[in-house]
Amino acid sequence: MRARHPRRWTACLVALALLGTGTACGADPERPGRATAERDPVDPEARKADEAAAGKAALAAYAGYLNASRAASARSDPHHPDLAKYLADPLLTRVRLAIREAKEHGAMRTGKLVSDPTVTVVSLDTVPAAVEIQDCLDATGYKLVYAKTRKVVPGTGAGRHLATATATRYPDGRWLISAGVAHEDQPC
């Protein structure tokens with residue numbers, strides 16, 4: 001099946017694989033809110049341990065997000081149960097819409113996406129607490145193909161580029177990826 005506007009939807013689908021659909025299509029990641037009210041002085045060692053734990057939890061959520069979006073995209077399943085385990089809105093809705101749009105155009109993802117994320121900022125004093133992640137994604141082996149023919153969708157090739165994401169801590173204690181941007185114009 002050929003799409004009427006392959007450039008428009010393939011740009012969003014490439015972004016799905018490369019860190020969140022709609023975010024690479026123009027939206028900026030959400031920034032954490034204002035700092036909380038003044039607190040008692042915190043032991044620097046305890047603070048460092050809290051930040052390390054937050055960073056570790058955020059990276060685990062990010063890895064889960066990439067795995068869940070790969071699995072959902074490979075199955076053309078916008079309601080894959082693992083998506084909601086690692087993603088929060090607005091990114092969750094954007095990813096689901098991109099997977100659904102790919103499915104409607106007869107496309108799916110195959111191959112391997114290589115990720116090398118690092119924590120760049122930990123903001124525990126914001127409401128909600130947030131962790132910023134930077135990644136060098138290698139999508140050279142991750143292809144958008146037509147499901148029936150397995151031929152690569154024209155104009156969807158990708159290489160190595162920078163991606164950023166925001167993990168947010170929710171009231172139940174879970175860290176979820178709520179925003180992300182694929183910087184396809186910034187190779188890494």
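The structure we're discussing is the one just above.
Thresholds applied
Residues numbered from 1 in each chain as written. Predicted model: local features only at pLDDT ≥ 70, side-chain atom pairs only at ≥ 80, totals over all residues. Heavy atoms only, no water. Pairing = 2+ DSSP bridges. Helix = DSSP H or I, 4+ residues; strand = E, 2+ residues; numbered from the N terminus. Axes fitted to C-alpha atoms, helices over the stretch in contact; angles between N-to-C directions. Contact = heavy atoms within 4.5 Å. Buried < 20%, exposed > 50% of the residue type's maximum accessible area, 1.4 Å probe, protein only. Expected span 1.5 Å × (residues − 1). Arc of directions from axis to C-beta. Salt bridge = Lys/Arg side-chain N within 4 Å of Asp/Glu carboxyl O.

Trainee: Break down the sheet that holds strand β3 (residues 130-138) for me, citing the residues and quoting the values.
Mentor: The strands making up a sheet are joined through hydrogen bonds of the backbone, oriented either antiparallel or parallel. Ordered by their spatial adjacency, four strands build an open sheet running β2-β3-β5-β6, and the pairing between neighbours is antiparallel. A strand with exactly one partner marks an edge of an open sheet, and here the two such strands are β2 (118-123) and β6 (175-183). When the angles between neighbouring strand axes are averaged without regard to direction, this sheet yields 20 degrees. As paired strands, strand β5 (residues 160-169) and β6 are joined by eight bridges and run antiparallel to one another. Its bridge partner lying in β6, T166 is registered against A179. Those strands touched by helix α3 (residues 44-74) are β2, β3, β5 and β6, and its axis lies near 45 degrees from that of β3.

Trainee: I'd like a description of the pairing of β3, backed by residues and values.
Mentor: With eight of nine residues buried, β3 lies mostly within the body of the structure. Both β2 and β3 contribute to a ladder of five bridges, which runs antiparallel. Across the sheet, the residue bridging to V121 is E132, located in β3. From the end of β2 to the start of β3, which pair antiparallel, there are six residues. Where β3 and β5 come together, nine bridges link them in antiparallel fashion.

Trainee: Give me the lowdown on helix α5 (residues 91-104), citing residues and values where you can.
Mentor: Taking 1.5 Å per residue, 14 residues should reach 20 Å; α5 reaches 20 Å between its end C-alpha atoms and fits that length. Considered for burial, the residues of α5 that qualify are L91, L92, V95, A98, I99 and A102. Projected onto a plane normal to the axis of α5, the buried residues spread over an arc of 135 degrees and lie on a single side. Phi turns positive, to about 75 degrees, at G106, one or two residues after α5.

Trainee: Which residues make up the pattern of salt bridges, and what are the values?
Mentor: Side chains that differ in charge, positive against negative, can pair when their charged atoms come close. This model, assessed by the stated rule, comprises six salt bridges. Measuring nitrogen to oxygen at the nearest pair gives 2.9 Å for the salt bridge that ties D125 to R47. With a gap of 78 residues between them, D125 in the loop between β2 and β3 and R47 in helix α3 connect regions that are remote in the sequence. Among the ionic pairs, D172 bridges to R174, the shortest N-O distance being 2.7 Å. One network of salt bridges, in which partners are shared, links R47, E51 and D125.

Trainee: Please set out unusual backbone geometry residue by residue, giving values where relevant.
Mentor: Cis geometry is found at the peptide bond from D89 to P90, where omega equals 15 degrees. With respect to the helices, strands and loops of the structure, P90 is situated in the loop between α4 (83-86) and α5. Following V127, the chain continues into P128 via a peptide bond in cis, with omega recorded as -5 degrees. Residue position: P128 is located in the loop between β2 and β3. At S76, a residue that is not glycine, the phi angle is positive and equals roughly 55 degrees. With respect to the element layout, S76 can be found in the loop between α3 and α4. The phi dihedral of R150 falls on the positive side, at around 65 degrees, and the residue is not glycine. By relative accessible area, R150 is classed as partly exposed at 49%.

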